[in-house]
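Residues per chain, in single letters:
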Amino acid sequence: MTDPILSVRGLEKRYGSFVGCTDIAFDVWPGEVVAIVGESGSGKTTLLNCISGRLERSAGEIRYRLRDGRFPDLAELSEAERRFLMRTDWGFVHQNPADGLRMRVSAGANVGERLMAVGARHYGDIRRTAGDWLSRVEIPTVRIDDQPIAFSGGMRQRLQIARNLVTHPRLIFMDEPTGGLDVSVQARVLDLLRGLVTDLSLAVVIVTHDLAVARLLSQRMIVMKGGHIVEAGLTDRVLDDPRHAYTQLLVASIPES
Amino acid sequence: MTLPTYNFAYLDEQTKRMIRRAILKGIAIPGYQVPFASREMPMPYGWGTGGVQVTAAILGPDDVLKVIDQGADDTTNAVSIRAFFAKTANVATTTKTADATIIQTRHRIPEERLQAHQTLVFQVPIPEPLRFLEPRETETRVMHGLEEYGLVHVKLYEDIAQHGHIATTYAYPVKVEDRYVMDPSPIPKFDNPKLGRSPALQLFGAGREKRIYALPPFTEVASLDFEDHPFTVQRFSRPCALCNATGVYMDEVVTDDRGGRMFVCSDTDHCETRQADGHRGPGLPQLGPHAASDRESAR
């Protein structure tokens, strides 16, 4: 068994006296999808923002396996290293694509931005790579020069995914990636995500309140309530045999179809 | 005894000292934007309050001042700033590039190559080259600090995607000594090659934005581009209509309401000097017995 790519221990985030999340510990292995589920206000987005370095934690440690094998706490890295990591080795897919895209520059430039940020200076190459990625996320390449404001919600979300994957990251954070989409589009995006995650053997931490999304994508899941982890385990085990009263309630609340 | 109405060159000595410190810091770190406590000047923002403060701080009694606005010595902005320093510092003024020791400029670099004893002072409206790409000042400072300049290329990429070539024609971003990306003020990109390895000191003042930056003499300045879309400057197909100069930056002048127009040097001093030397462009009335053949050859 390989070593974990991400390791969280004793993580806590406080907003003054209010606890966002506390006593969080889990590992993520390469190529594994971990879902964090829970009701709104349970601290799952706070947790995601903390481990992705977008929010400062109050206590605890977060270690990440760098490509050279080192396993430092993110706080030990310099700001330059952390930002470089975010641009290259990590991705972040927002619920609202407008938060993760530049809405006023073309789709091609949106995908190419990360390439240019790591030093690509050949227009033709950047454009070719951007075109490849657009077709991989099923956006017609003729739309490479259109701005995301002209795209539908599903296309924007797929563009955001392409933009994050272009530098071949190893770890992706996703915050309700299918939250604002209608059901048929949701299914398509999920399908695409599942394919890409397997093809590229990405490690993914995905936050969702939708147990169906968790069941479809993730191998393991973490159930949160009131800022605590109440249950964690293999997705099938948690959903088929929930142990904690809250998880049982959550699973029971899915309408049988 | 009557006391003078103003301190020499308008600003008080403490203010000049503060500005000189900012200038020295700017020279020490070429291309880095140094914050300074910009003063209210007796002119509106956008009229060169930054340039005027820099000029006031470096001006000495023996200096000869030239002020240009888009290359011209005779426009309102240039005339008023020249008159301002003639009155408050009693310095000699000139319109001749070669005679000046300090040249304050709005959006042009003179055609004549500058010399080591000269200083060029630019008026800058928006000193931050990343501003229109990233509105947060906190973020742009971090980007400069960590040398994260990928975003500038996103803008150039967009240009090529939309227009087929890099369509940015002025305020074209440059990289100074392979470190800081700098806005060269809204000079046409035609002037960008003159920024690099210039024997003259170049200072940039932004009054409203409270920033000073500098290019010391012989600094390496590179205009940003793509490998397959290299940086190029504007070209003009015809020579200057007044002085027949080629390889200079031109203004388009509308001459009537029937589509008549001509292209003339934007640098008025350069144009006048050439005319005084006997160069005559095709736009001037043709004189002498050979007028007809002159017109023929001009075609």
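Residues numbered from 1 in each chain as written. Chains lettered and ligands numbered in written order. Predicted model: local features only at pLDDT ≥ 70, side-chain atom pairs only at ≥ 80, totals over all residues. Heavy atoms only, no water.

(A) The arrangement of the sheet that holds strand 10 (residues 221-223) of chain B in detail. Residue and element names in this part refer to chain B. Pairing in this open sheet of 3 strands is antiparallel, and the strands run 7-6-10 from one edge to the other. Bordering the open sheet on either side are strand 7 (180-182) and strand 10, each of which pairs with just one other strand. Each neighbouring strand pair of the sheet contributes to a mean axis angle of 30°, computed without reference to strand direction. Bridging between strand 6 (residues 174-176) and strand 7 involves 3 bridges; their strand directions are antiparallel. The residue bridging lysine 175 from the neighbouring strand is valine 181, located in strand 7. (Pairing = 2+ DSSP bridges. Helix = DSSP H or I, 4+ residues; strand = E, 2+ residues; numbered from the N terminus. Axes fitted to C-alpha atoms, helices over the stretch in contact; angles between N-to-C directions.)

(B) Quick look at the packing of aromatic side chains. Evaluated as defined, the whole model comprises 14 aromatic pairs over all chains. Ring plane angle 10° and centroid distance 4.2 Å describe the contact between phenylalanine 122 of chain B and phenylalanine 204 of chain B, whose orientation is recorded as stacked. With a gap of 82 residues between them, phenylalanine 122 of chain B in strand 5 (residues 119-123) and phenylalanine 204 of chain B in strand 8 (residues 201-206) connect regions that are remote in the sequence. Residue classification places phenylalanine 122 of chain B among the buried positions, given a relative accessible area of 0%. By relative accessible area, phenylalanine 204 of chain B is classed as buried at 0%. Their ring planes at 65° and their centres at 4.9 Å tell us that tyrosine 172 of chain B and phenylalanine 231 of chain B sit as a pair that is edge-to-face. Of this pair, tyrosine 172 of chain B sits in the loop between helix 5 (150-163) and strand 6 while phenylalanine 231 of chain B sits in the loop between strand 10 and strand 11 (250-254), and the two are 59 residues apart along the sequence. Its relative accessible area of 1% is what places tyrosine 172 of chain B among the buried residues. One aromatic cluster is present, built from ring pairs that chain together Tyr64, Trp90, Phe92 and Phe173 of chain A. (Phe/Tyr/Trp six-rings, centres within 6.5 Å; stacked < 30°, edge-to-face > 60°. Buried < 20%, exposed > 50% of the residue type's maximum accessible area, 1.4 Å probe, protein only.)

(C) Representation of the pattern of salt bridges within the structure. Within this structure, the stated rule accounts for 38 salt bridges over all chains. The salt bridge partner of glutamate 220 of chain B is arginine 197 of chain B, with a shortest N-O separation of 3.1 Å. Here glutamate 220 of chain B, found in the loop between strand 9 (211-215) and strand 10, pairs with arginine 197 of chain B, found in the loop between helix 6 (192-195) and strand 8; they are 23 residues apart in sequence, far enough to count as distant. You can call arginine 197 of chain B partly exposed: its relative accessible area is 42%. Three or more residues are tied together by salt bridges with common partners; here these are Arg83 and Arg87 of chain A together with Glu139 and Glu148 of chain B. (Salt bridge = Lys/Arg side-chain N within 4 Å of Asp/Glu carboxyl O.)

(D) Quick peek at the layout of surface pockets. Approximately 1400 Å³ is the volume attributed to the largest pocket. Along the walls of the largest pocket sit 38 residues, with Arg54, Arg83, Met86 and Arg87 of chain A together with Glu139 of chain B positioned nearest its centre. Mapped by element, the contributors of at least two residues to the lining of the largest pocket are helix 2 (79-88), strand 5 (90-93), helix 3 (97-100), helix 4 (107-117) and helix 6 (153-165) of chain A together with helix 4 (137-145) and helix 5 of chain B. Top element by residues in the lining of the largest pocket is helix 2 of chain A. It accounts for 5 residues. Its residues assigned to classes, the lining of the largest pocket comprises 14 nonpolar, 8 polar and 16 charged. Mapping the lining of the largest pocket onto the domain boundaries places at least three of its residues in each of domain 1 (1-7 + 17-89 + 169-257) and domain 2 (102-167) of chain A. (1 Å grid on protein atoms, 1.4 Å probe; cavity = no way out; pocket = protein on both sides within 12 Å on 5 of 7 lines; lining within 4 Å. Points joined across faces, edges and corners; volume = space filled by probe spheres on them. Nonpolar A, V, L, I, M, F, W, Y, C, P; charged D, E, K, R; others polar. Domains from an automatic or database assignment.)

(E) Local environment of unusual backbone geometry. Residues and elements named next belong to chain B. With a phi close to 50°, glutamate 177 is a non-glycine residue in the positive phi region. Of note, glutamate 177 is situated in the loop between strand 6 and strand 7. Given the relative accessible area of 43%, glutamate 177 is considered partly exposed. With a phi close to 65°, asparagine 244 is a non-glycine residue in the positive phi region. Within the secondary structure, asparagine 244 is located in the loop between strand 10 and strand 11. The partly exposed category is assigned to asparagine 244, whose relative accessible area is 34%.

(F) Geometry of the interface of chain B and chain A. Residue-level contacts link 19 residues of chain B with 21 residues of chain A. For the pair chain B and chain A, the summed buried area comes to about 1800 Å², and 58% of that belongs to carbon and sulfur atoms. Summed over the three residues of chain B that lose the most area to chain A, namely Val154, Tyr157 and Glu158 of chain B, the buried surface amounts to 31% of that side. The tally of links between chain B and chain A comes to 3 salt bridges. Between glutamate 148 of chain B and arginine 83 of chain A there is a salt bridge, with the nearest N and O atoms lying 2.8 Å from each other. Among the elements that take part in the side of chain B that touches chain A, helix 5 of chain B stands out by supplying 8 residues, more than any other. Among the residues making up the side of chain B that touches chain A, the classes are represented as 10 nonpolar, 3 polar and 6 charged. (Contact = heavy atoms within 4.5 Å. Buried area = accessible area lost by both parts, 1.4 Å probe.)

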